[in-house]
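Examination of the molecular architecture
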Amino acid sequence: MAGKVTLVGAGPGDAGLLTRKGEKVLQTAEVVVYDRLVGRDILALIPKSAEKVDVGKQPQQHPVPQWRINELLLAYAKAGKDVVRLKGGDPFLFGRGGEELAGLAREGIPFEVVPGVTSALAAPAYGGIPVTHREFASSVHIITGHAKAGAPLNIEFHALVEAGGTCVFLMGVSALGEICRGLLEAGKPGTTPAALVERGTLPVQRKVVATLETLEQAAREQSIQSPAVIIVGEVAALAEEFDWFSKQPLFGERIVVTRPKNRAGRLSEQLRNLGGDVLEYPCIRTVPRERNEEITQALATLSQYEWCAFTSPAGVEAFFQMLWKSRMDSRAVSGLRFAAIGPATAKALEGWRIRADYVPEIYDTEHLALGLANLASGAVLLPRAAMGSPMLTEILTEKGIPFTDLPVYDTEYRCGETALLLDWLKAGKTLVTFTSSSTVRGFVRSLPQGIGLENVQGVSIGKQTAAECQKHGISTVIAQQATIDSLIQSVLEQKTN
Ligand code: SAH
């Protein structure tokens, strides 16, 4: 049986503007055929299991021709695959969605369409321009500024000027001069407000506000590139007053999140909500250990311990999963007292319905160790990373507290794509958030030899992490408290523009 093809509008770039239906369809896709204008954060939502087919234009390369894309869609569908055809903005607005469906309809392949948020409306919105307004414009016209190779633009300038309202031109950057002249010659006053929004809705968005007469010059001065929308009409004058996007506190700031992928979500999301250009670059991965003799032994003798202390949420997860898989349950730990290094670890314990008996006032290894040394009269179990900090065990030894250091997970360093990070580091100051010493080590190891770290501005969650930065010559600040909220506060204080 043939698979289904779903034409999905990916929106203009901001992943938050992908529709809920679009996201849902994407999650179950077997093949995703996507264009150049689909944003990086949206591509990241494609499941690993799906085959990704890039038919967008690469620099110095030709795009896959339309007939070939149509053929591909047909071939995958006939092979029984569920295909998502992901297109920038809305698939039917200058997206050749109609041409792609024609082939499918002819062959009787089932298809659906999920509309998207078009850049024609979203880029102006993120530029502070309402395309209609009761006082200034009662219609909006969306026009392509693209002409067939060698041919002049085919735009009815007189009709547009006569109709009034707002004009939004897509694909118009290279014909900008011609568009402005066309409108002027058709009688549109040179003083008409006009604007350009480049890479709208993305953290790198730029905006030019001018008049019909000056827009081309202003765009040249800023070397505005495609993709951009051109907006001509009285509403463009509102762009400054209604600017909101570029006023976000972290707008334009490049920030790297080095946490493991499964823990990066909240930090990345909060930084993005503040306008930051966030690159998720997981530098470590935590891998729970298989059950081994050491673990079996510890689980069989839990009642001999007075305390069980955790130094990370990953430790909590690995330990309790192991307990559960060993056919034990919460009764096995009912006699223990629990310590957590900080609020995130305490929260992970709550996930297993256990309240931490002790969390140090300052969330680091040293204070956890000193606190335990004060409280414990019996043995302490330390289920943690195989390469956990020696400081914890050193202090306990010094204070004469018996303990078992139990490695329950391993930390693996990153390997993978570094191209975008290297571009950022070349371009200028880049904020890099570090939430543990191992993320610092993973970060440094991930870079090719000889890459300078002078453009890295580290933001460390605590003293130990900062010390690791210093070891590698990375300049860093330290969050007031070892929490994500405090880390974000430090990012806000460090911003470079
Ligand atoms: N179907 C798309 C438009 C495809 S045509 C949509 O509905 O948005 C490609 C043109 O769309 C570009 O030349 C540019 O004019 C515009 N465009 C796409 N993404 C954009 C963005 N993020 N910011 C500004 N313009 C964009």
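Below, the structure is looked at part by part. (Residues numbered from 1 in each chain as written. Predicted model: local features only at pLDDT ≥ 70, side-chain atom pairs only at ≥ 80, totals over all residues. Heavy atoms only, no water.)

1. Here's the deal with a nonpolar patch on the surface
Note the cut-off: Residues forming no salt bridge and having over 30% relative accessible area are the ones grouped into patches, like charges within 9 Å of each other and nonpolar side chains (Val, Leu, Ile, Met, Phe, Trp, Tyr) within 5 Å. All accessible-area figures derive from a Shrake-Rupley calculation using a 1.4 Å probe, and residue coverage is judged against the displayed protein chains alone. Salt bridges are counted wherever a side-chain nitrogen of Lys or Arg sits within 4 Å of a carboxyl oxygen of Asp or Glu. Numbering goes from the N terminus for both helices and strands, where a helix is a DSSP run of H or I of at least four residues and a strand is a run of E of at least two.
A cluster of nonpolar residues, Phe94, Leu121, Val140, Ile142 and Met171, forms a patch on the protein surface that exposes about 370 Å² of accessible area. Along the polypeptide, Val140 turns up in strand S6 (residues 140-144).

2. Observations concerning the site of the ligand
Using the following cut-off: Working definition: residue near molecule or strand if any one of its non-hydrogen atoms lies within 4 Å of it. Under the rule applied, a polar contact is a pair of N or O atoms within 3.5 Å (in protein, one hydrogen donor and one hydrogen acceptor; residues adjacent in sequence only if both atoms are side-chain atoms). Nonpolar residues are Ala, Val, Leu, Ile, Met, Phe, Trp, Tyr, Cys and Pro. Charged residues are Asp, Glu, Lys and Arg, and all others, Gly as well, are polar.
Leu93, Thr118, Ser119, Gly200 and Ala228 are the nearest of the 19 residues found near the ligand. Interatomic distance of 3.0 Å between a backbone N/O atom of Gly88 and a nitrogen atom of the ligand. Met171 places a polar main-chain atom, nitrogen or oxygen, 2.8 Å from an oxygen atom of the ligand. Starting from 540 Å² of accessible surface for the ligand in isolation, the protein chains cover 93%. Among the secondary structure elements, those contributing two or more residues to the shell around the ligand are helix H5 (119-126) and strand S10 (228-232). A per-class count over the shell around the ligand returns 11 nonpolar, 6 polar and 2 charged.

3. A few points about the packing of helix H9 (residues 261-273) against helix H18 (residues 484-494)
Applicable threshold: For helices, the fitted axis covers only the stretch in contact; all axes are lines through C-alpha atoms, and the angles between them, taken along N-to-C directions, range from 0 to 180 degrees. A clockwise turn of the near helix away from the far one marks a right-handed crossing, whereas an anticlockwise turn of less than a right angle marks a left-handed crossing. Residue contacts are counted whenever heavy atoms from the two residues lie within 4.5 Å of one another.
Interhelical geometry of H9 versus H18 gives an angle of 35° and a closest axis separation of 11 Å. The chirality of how H9 crosses H18 is right-handed. Contacts from Arg266, Leu267, Gln270 and Leu271 in H9 reach Ile484, Asp485, Leu487, Ile488 and Val491 in H18. Across the contact of H9 with H18, the residue classes tally to 6 nonpolar, 1 polar and 2 charged.

4. With respect to the sheet that holds strand S11 (residues 254-257)
Sheet strands associate in pairs through backbone hydrogen bonding, adopting either a parallel or an antiparallel arrangement. Here is the rule we go by: Only strands that DSSP links by at least two bridges are regarded as paired with each other.
As summarised here, the arrangement of the 5 strands in space is S12-S11-S18-S19-S20, forming an open sheet in which the pairing is parallel. Among the strands making up the open sheet, the edge pair consists of strand S12 (277-280) and strand S20 (475-478). In this sheet, adjacent strand axes meet at a mean angle of 25° when their direction is disregarded. By the bridge criterion, 3 bridges tie S11 to strand S18 (residues 430-434) in an arrangement that is parallel. When the sheet's bridge partners are listed, Val257 is paired in S18 with Thr433. Here helix H17 (residues 463-471) sits on the sheet and contacts S18, strand S19 (456-460) and S20; the angle it forms with S20, its principal contact strand, is near 170°.

5. What to know about helix H16 (residues 437-446)
What counts here: Remark: exposure states derive from per-residue accessible area (1.4 Å probe, protein chains only) relative to the maximum for the residue type, with buried under 20%, exposed over 50%, and partly exposed in between.
Of all 10 residues making up H16, 7 are buried, and the element is well covered by its neighbours. Looking at H16, one finds that the buried residues are Ser437, Ser438, Thr439, Val440, Gly442, Phe443 and Ser446. Among the structural elements, strand S13 (284-288), strand S17 (403-413), helix H15 (419-427), S18, S19 and H17 are those in contact with the buried residues of H16.

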